[in-house]
Amino acid sequence: GQSLEQPSEVTAVEGAIVQINCTYQTSGFYGLSWYQQHDGGAPTFLSYNGLDGLEETGRFSSFLSRSDSYGYLLLQELQMKDSASYFCAPRDSSYKLIFGSGTRLLVRP
Amino acid sequence: EAGVTQFPSHSVIEKGQTVTLRCDPISGHDNLYWYRRVMGKEIKFLLHFVKESKQDESGMPNNRFLAERTGGTYSTLKVQPAELEDSGVYFCASSPRTGTGELFFGEGSRLTVL
């Protein structure tokens, strides 16, 4: 079967660093994407890891360990606008992205 | 460049009625996906088109749902007859390449079945 695990909610203070973990189990695996969704909006692409290691894009970094079926999204210098839901989405053998319920991040002043 | 557009943004219908949702992908994107999110839970895959062909429809919940993509451009998702549990937000996404990790999503169509 296919499964995803992420924390349902995370709260952090403005300016801090937060890490959102993701473990997955899929039928085949071809990479891990991360998406951000603000309430009422469209999910928007943040990053993609096709290989093990760290990918950095500005304040956001994403990490993948294929052997552990594990990845994380690291958000630095948190801003109020980062309050949103974050989804990890592994790509399975039929090329589709599998989304879960996401992690709701609340950034407090 | 226009993004993925979906219509209607919100639809309220009664149980047993029919609703058709439309998605216009980004021009030139051969891959088109439908997802839905029910009750704020997980975003679940429905199906994937490559041009006009259904690449994967394993997520379609039952035969009340019919998706089409005539001519490989826009797509429609028809629910007939609608049931209460069909309520949710239906997202469309497109991508230029099959197997990419980057999908471009629309704002979604919120369906409420009363």
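Trainee: Any chance you could explain the packing of aromatic side chains here in plain terms?
Mentor: Each pair of aromatic rings is reported with the distance of its centres and the angle of its planes. Applying the stated criterion across every chain yields a total of 15 aromatic pairs over all chains. Note on B:Tyr35 and B:Phe105: the rings are 5.8 Å apart at their centroids and 45 degrees apart in plane angle, and the pair reads as tilted. Placement of the pair is B:Tyr35 in strand 4 (residues 31-37) and B:Phe105 in strand 10 (residues 104-105), with a sequence separation of 70 residues. One aromatic cluster in this structure is built from A:Tyr35, A:Phe45, A:Phe87, A:Phe99, B:Tyr33, B:Tyr35, B:Phe45, B:Phe91 and B:Phe105.

Trainee: Quick question: what am I supposed to make of the layout of surface pockets here?
Mentor: If a probe as big as a water molecule is rolled over the atoms, it shows which places are left empty. Put simply, the largest pocket is a space of about 570 Å³. Surrounding the largest pocket, 27 residues form its lining, A:Gln37, B:Arg37, B:Gly40, B:Val89 and B:Arg110 being those nearest its centre. Contributions of two or more residues to the lining of the largest pocket are made by strand 1 (3-5) of chain A together with strand 9 (88-95) and strand 11 (109-113) of chain B. The dominant element in the lining of the largest pocket, judged by the number of residues it contributes, is strand 9 of chain B, at three residues. The volume enclosed by the second largest pocket comes to roughly 380 Å³. When residues of the lining of the second largest pocket are assigned to their parent elements, the largest contribution, four residues, is made by strand 5 (residues 43-50) of chain B.

Trainee: How do you make sense of the sheet that holds strand 10 (residues 103-108) of chain A when you look at a structure like this?
Mentor: Remark on secondary structure: sheet strands pair via backbone hydrogen bonds, oriented parallel or antiparallel. Residues and elements named next belong to chain A. Strand order in the open sheet formed by five strands is 2-10-9-4-5, with mixed pairing between adjacent strands. Across the chains shown, the open sheet's two edge strands, defined by having one partner strand only, are strand 2 (9-13) and strand 5 (44-49). In this sheet, neighbouring strand axes are inclined to one another by 25 degrees on average, regardless of whether the strands run parallel or antiparallel.

Trainee: Just checking my understanding: could you explain the sheet that holds strand 3 (residues 19-24) of chain B for this structure?
Mentor: Residues and elements named next belong to chain B. Here we have four strands laid out as an open sheet, ordered 1-3-8-7, and antiparallel in their pairing. At either end of the open sheet lies a strand with only one pairing partner, and these are strand 1 (5-7) and strand 7 (65-68). Each strand of the sheet is rotated relative to its neighbour by a mean of 15 degrees, with strand direction disregarded. Where strand 7 lies against strand 8 (residues 75-79), four bridges are found, and the strand directions are antiparallel.

Definitions and cut-offs
Residues numbered from 1 in each chain as written. Chains lettered and ligands numbered in written order. Predicted model: local features only at pLDDT ≥ 70, side-chain atom pairs only at ≥ 80, totals over all residues. Heavy atoms only, no water. Phe/Tyr/Trp six-rings, centres within 6.5 Å; stacked < 30°, edge-to-face > 60°. Helix = DSSP H or I, 4+ residues; strand = E, 2+ residues; numbered from the N terminus. 1 Å grid on protein atoms, 1.4 Å probe; cavity = no way out; pocket = protein on both sides within 12 Å on 5 of 7 lines; lining within 4 Å. Points joined across faces, edges and corners; volume = space filled by probe spheres on them. Pairing = 2+ DSSP bridges. Axes fitted to C-alpha atoms, helices over the stretch in contact; angles between N-to-C directions.

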